[in-house]
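Commentary on secondary and tertiary structure
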Amino acid sequence: MNRPLLRQTLVSYLRSPVSLIAWALLCSSGCKPKGDVSDAGGNDDPLKGPATVEQAARILDLTEFPLMDGAAANPNRALASLTYTIPNSNVKSAFEFQRKKLAARRWKQSSRDTSVTDQSASSTFMRNGFVLSVAAYPSGNDRSITVSLNNRGNINYSKLPRPGATKPLYVGDSSALYLTDATVAGTAAECRKLLLADHWQPYGSAADSAWFKQNAIRLGVTVSSAPAQGGKTVISFSSELMSADLPAPEEADELRYSDMTKELSFETTASKDAVVDFYKRTLGQTRWEPTLEKTVEIDDNPTMIFRNPAKDMLTLTFSSQRSGRTPISLKHQSAAEIAELERQIKARAPEIRAEMERQQAKEAAEFAEAHKPLPKVDVAVPGDAGGVEQSASEIKFTVAKGKAKAVAEAWRKQFRDAGWKENVAVAEAMAGAISLAKDKQSLTIHYTDTGFTPAEVTISAMGAELQPSTR
């Protein structure tokens, strides 16, 4: 295992319940048990309003949805999304497997938005007002098929607030388009105003698109000029179920949400304390509690952990500021994911421990090697040498003109007799350079002797300590 991988594993370990158990114990003992969550009863009546995570999980949890036999390992799973690969399969059989499993769970296939061919298959399924998109398509040249299921949530697009004088262009199961004669800017502003009044919270934007959130539903709204519609403006609605309900402060910028990783990221100019206060207050409304009152350093980043009665975990992480803005992430891990991480860590504990011991032994040996006493090398300095400057690794002095080469030659003989080997040797009357080596030590001799001024002689060492003596 290399050191970056070891570091990553240990950081993951530090964020697991094994090392955070003390924090979890600090969670208020007054935490109430999780109450029952309505799943719309035993019928298929639509839920009232945008669904919560708990309500959606009662209808369909894709982390528990069955996979086809032979499915590739490590599928991308979350409550609201599932993607996996089937080697040596075909589109129709892969799609039919999903259809049957959904039908057994009282999901009804839509009569529209359905296409099934040998090349690809896609359709939508409905239950309790939820819309599930299902697709199967080839993923390579080895007859592998990719299967994708995405929960679009329980939004009835025809009932969403929108500016007056709009006309439907297309209203489908998983998206809707409306036309208006109003300007793009005016329509976008009116859509925002109406959605805010309907309790939708801003949740990021990009170009002409904006996202809003209510409970666990993320709503996308794009307002643009409609092509081939006589200069009209088109409003496009789409939605998705979020596998984790991750709130964001109003002042959040550059907001991004990934359902597959269940992670929210954004930047803010607000202080760390203000962000922490926001999450304590907001998450507390849904019975999330911080395990400590203050952030702690994990992997050099201020971090706060929240737990809920179900033992799920939210990790709030602050990164280093850049241009006056602080990057922040909020990541969700379910109790099952934490348990699996703990299982993996425990399974690899002997390997990790052995690697740590090997690394510690290596570092100890390197430290000992770096700090062991250097071998001493006797250097005979002429008794008539002048201006002597010396340290453990270098000796410099001058001798009378015409004598420098003789000093160098005497050293060459001394060191060769002691087992040193010459790498380079240039010894002329006016200048010379000689390099010698022995084991892990090296010596370099330089001299200049112009015949006009006192000659200069220098000897330097690497991996050895020079010990001058007078002859």
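Here, every reference points to the structure presented above.
Residues numbered from 1 in each chain as written. Predicted model: local features only at pLDDT ≥ 70, side-chain atom pairs only at ≥ 80, totals over all residues. Heavy atoms only, no water.

1. With respect to the pairing of strand 26 (residues 441-448)
Note the threshold: Here's how the labels work: a residue is buried when its accessible area is under 20% of the maximum for its type, exposed when over 50%, partly exposed in between, all with a 1.4 Å probe on protein chains only. Counting from the N terminus, the helices are DSSP H or I runs at least four residues long and the strands are E runs at least two residues long. Paired strands are those between which DSSP finds at least two bridges.
Only one face of strand 26 is buried: it carries Gln-441, Leu-443, Ile-445 and Tyr-447, and the other face, with Ser-442, Thr-444, His-446 and Thr-448, is open. Across eight bridges, strand 25 (residues 431-438) lies against strand 26 in antiparallel orientation. Paired with Ile-434 across the strands is Ile-445, a residue of strand 26. As consecutive antiparallel partners, strand 25 and strand 26 are separated by two residues, and within that stretch Asp-439 has a phi angle of approximately 55°, a positive value. When strand 26 meets strand 27 (residues 455-462), the two strands line up antiparallel, connected through seven bridges. Within strand 27, the residue paired with His-446 across the bridge is Thr-458. Hairpin connection, strand 26 to strand 27: the antiparallel pair is bridged by six residues, and Gly-451 has positive phi, about 90°.

2. Side note on helix 6 (residues 272-284)
Selection criterion: Helix span, expected: 1.5 Å multiplied by one less than the number of residues in the helix. The arc in question is formed by the directions pointing from the helix axis toward the C-beta atoms. Residues count as neighbours in contact if any of their non-hydrogen atoms are within 4.5 Å of one another.
For helix 6, built from 13 residues, the straight-helix expectation of 18 Å at 1.5 Å per residue is met to within 8% by its first-to-last C-alpha distance of 18 Å. Looking at helix 6, one finds that the buried residues are Val-275, Val-276, Phe-278, Tyr-279 and Leu-283. Across the axial projection of helix 6, the buried residues extend over an arc of 155°, all falling on one side. Exposed side of helix 6, more than 90 degrees from the buried face: Asp-273 and Arg-281 are the residues found there. Against the buried residues of helix 6 lie strand 15 (263-268), strand 18 (301-307), strand 19 (313-318) and strand 20 (326-333).

3. Digging into the pattern of salt bridges
How we decide: Throughout this description, the term salt bridge denotes a Lys or Arg side-chain nitrogen within 4 Å of a carboxyl oxygen of Asp or Glu.
Applying the stated criterion to the full structure yields 23 salt bridges. When the shortest N-O distance is used, the salt bridge between Glu-342 and Lys-346 registers 3.1 Å. Within this pair, Glu-342 and its partner Lys-346 are both found in helix 7 (residues 335-371), separated by four residues, close to a single helical turn. Glu-342 sits in the partly exposed class, given a relative accessible area of 22%. On the basis of relative accessibility, which here comes to 55%, the residue Lys-346 falls in the exposed class. Notably, a salt bridge pairs Arg-412 with Glu-409, separated by 3.3 Å at the nearest N-O pair. With Arg-412 and Glu-409 both in helix 8 (residues 404-417) and three residues apart, the pair spans about one turn of that helix. For Arg-412, a relative accessible area of 13% translates into the label buried. Among the ionic contacts, a cluster of salt bridges with common partners joins Asp-253, Glu-267, Arg-322 and Arg-325.

4. So, the environment of Ala-226
Tracing the chain through its elements places Ala-226 in the loop between strand 12 (217-225) and strand 13 (233-241). Assessed through its relative accessible area of 7%, Ala-226 is described here as buried. Residues Ala-226 and Leu-179, 47 residues apart in the sequence, show an inter-C-alpha distance of 7.8 Å. Beyond its immediate chain neighbours, meaning those up to four positions away, Ala-226 contacts Leu-179, Lys-232, Thr-233 and Val-234.

Just distances and angles here, no functional claims.
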